[in-house]
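Chain by chain, the residues:
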Amino acid sequence: MIGAFPDLYPDEMLVSGWARYEAWVCYPNRRALLDELFGNATAPVAFDIPGRLGHFVAALPLEHSAASVEKLLAEHTLFPYYAAFLPQAQQEAVSKRLRNEPGGRLYDQLGLGGRRLLQLPQSWRYCPICVAADRATFGEAYWHRIHQAAGVEVCPHHAVWLKTSEIPMWMVPGAVTFPTAESIVDDSDVRAVNLSRPAEGQLLRLARAVLWLLEHPGLNAEAFQLKPRATLWLADRALSTYSGNLKQSQIADAFMEIYPNDTLAQVSCVLDGSNGRT
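In short, a report on the structure. Only a predicted model underlies this, so the values are computations on that prediction, with no experimental measurement involved. Every chain's residues receive numbers from 1 upward, in the order its sequence appears when written. Local features in this predicted model are restricted to residues of pLDDT 70 or higher, and side-chain atom pairs are both shown and tallied only at a pLDDT of 80 or more, whereas totals for entire chains, interfaces and linings draw on every residue. Excluded from the side-chain calculation are hydrogens and water; included are all heavy atoms of the structure.

## Here we look at the nonpolar core
The test is simple: The set of buried Ala, Val, Leu, Ile, Met, Phe, Trp, Tyr and Cys residues whose side-chain atoms join them within 4.5 Å is what this entry labels a nonpolar core. The buried label applies to any residue whose accessible area, calculated with a 1.4 Å probe on protein chains only, is under 20% of its type's maximum; exposed applies above 50%, and partly exposed to all values in between. Going along the chain from the N terminus, every DSSP run of H or I of four or more residues is numbered as a helix, and every run of E of two or more is numbered as a strand. Whether two residues are in contact is decided by their heavy atoms, any of which lying within 4.5 Å being enough.
Within the largest apolar cluster, 76 residues are counted, with the highest numbers of intra-cluster contacts made by W18, F56 and F178. Going through the elements one at a time, helix 1 (14-25), helix 2 (30-38), helix 3 (53-59), helix 4 (69-76), helix 5 (79-83), strand 1 (123-126), helix 7 (128-138) and helix 8 (198-214) are the ones with two or more residues in this core. Among the elements that take part in this core, helix 8 stands out by supplying seven residues, more than any other. If we skip the residues at most four places from it in the chain, F56 touches I2, F5, L14, W18, L37 and L72.

So, in C-alpha cells, the structure goes:
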C-alpha cells in the first residue's frame, strides 16, 4: 500500500508523477520502486502507455484523485492519441489489458506496428515557457505528455520549439531512477516558431491537432465515422473508388503537396511519393 502519492498535474505524464514520488520517498534502487508500483521488481515500463496499472491503482490511497485506471489512461498517458483511430471495442480491449500487462506489448493492438515502426521521441522533451509557468503555478516543473507525443516538435500552447533533454524516453538497463523534470530542465533559450515559414506553421497546426485529441479521450473510429468519411473524401477527389479501393501513389503525391518532405522530415515521416511508404 502506498501511504501517500503526489497529485498529478494537468497533462502530466504518469511516469512524471512516479518520478516525483520516487524523489519524495528516496528508494534505494529502481527495483524497490517497481515492486511498490507494479508488484514486480523487473517490470518493463513503456513511458507513453505504461501497463500493470491495476496494481498501482489498488495500492493508492482510496481518496487519491488518480485512483482509477480509466482516468490515468485518459489524462496522464498517450493512450487517447493512439486510441482515437481505433474501433471502440478494440479500445476497450486494450484498456482492460493495460490493467495487468506491460504497455509495450500492446503497440500492435493499438495499430502502431511495434516500437520499431513508430517514430517516438527518443528523449524527454519540454517547453521552456511551460517550465517557467509550471514553476510559478505549482512550484516545480514536470513532464507534459503533449511534449512527448510522436509528431509534436513545438509547444502548441506557446508556439516555441521543444527542447530535448539527455534523458532517454525508455528504461535503460542499469538505470536506477525516474528523473524528475525539475532536476533536468531549464527555462532559457526560447526559440519561437517562425510562422512565415510554411513548414513551421504546419508543425504548429499538427501539435495543436494532437493536443485536441489528447483533450478528447472519448473519441473512437466510429465516433469520427472515420472510414466512411475518409472513403467519400478520397473518392470525391479521384484518390480512391467509392467502394474504397485506394490509389496509394496518388494519395501520397497529394499529401506531399500539403506536407512536403522537408516538413515530414521534422517528424521522421518522409514519404516516397512513388509508393506512399515511409
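## Focus on a nonpolar patch on the surface
Basically, it comes down to this: The patches described consist of residues with a relative accessible area above 30% and no salt bridge, like charges being joined within 9 Å and nonpolar side chains (Val, Leu, Ile, Met, Phe, Trp, Tyr) within 5 Å. Residue burial considers only the protein chains on display, and all accessible areas are found by Shrake-Rupley using a 1.4 Å probe. Salt bridges are identified by distance alone: a Lys or Arg side-chain nitrogen within 4 Å of an Asp or Glu carboxyl oxygen.
Together, F255, I258 and Y259 line one region of the surface with nonpolar side chains, adding up to about 270 Å² of accessible area. Tracing the backbone shows F255 in helix 11 (residues 248-258).

## A look at the packing of aromatic side chains
The following threshold applies: Here a pair means two rings of Phe, Tyr or Trp (six-membered ring of Trp) with centres within 6.5 Å. Their orientation is stacked below 30 degrees between planes, edge-to-face above 60, and tilted elsewhere.
The final tally for this structure, using the stated rule, is eleven aromatic pairs. On the numbers, 5.2 Å between centres and 70 degrees between planes, the contact of F5 with F56 is edge-to-face. Here F56 lies in helix 3 and F5 lies in the segment before helix 1, a separation of 51 residues in the sequence. Looking at F5, the relative accessible area reads 7%, which means it is buried. Taking the relative accessible area as the measure of exposure, F56 reaches 1% and is therefore buried. With a centroid separation of 5.6 Å and 85 degrees between ring planes, the pair formed by W18 and F56 is classed as edge-to-face. Remark: F56 occurs in helix 3 and W18 occurs in helix 1; sequence separation between them is 38 residues.

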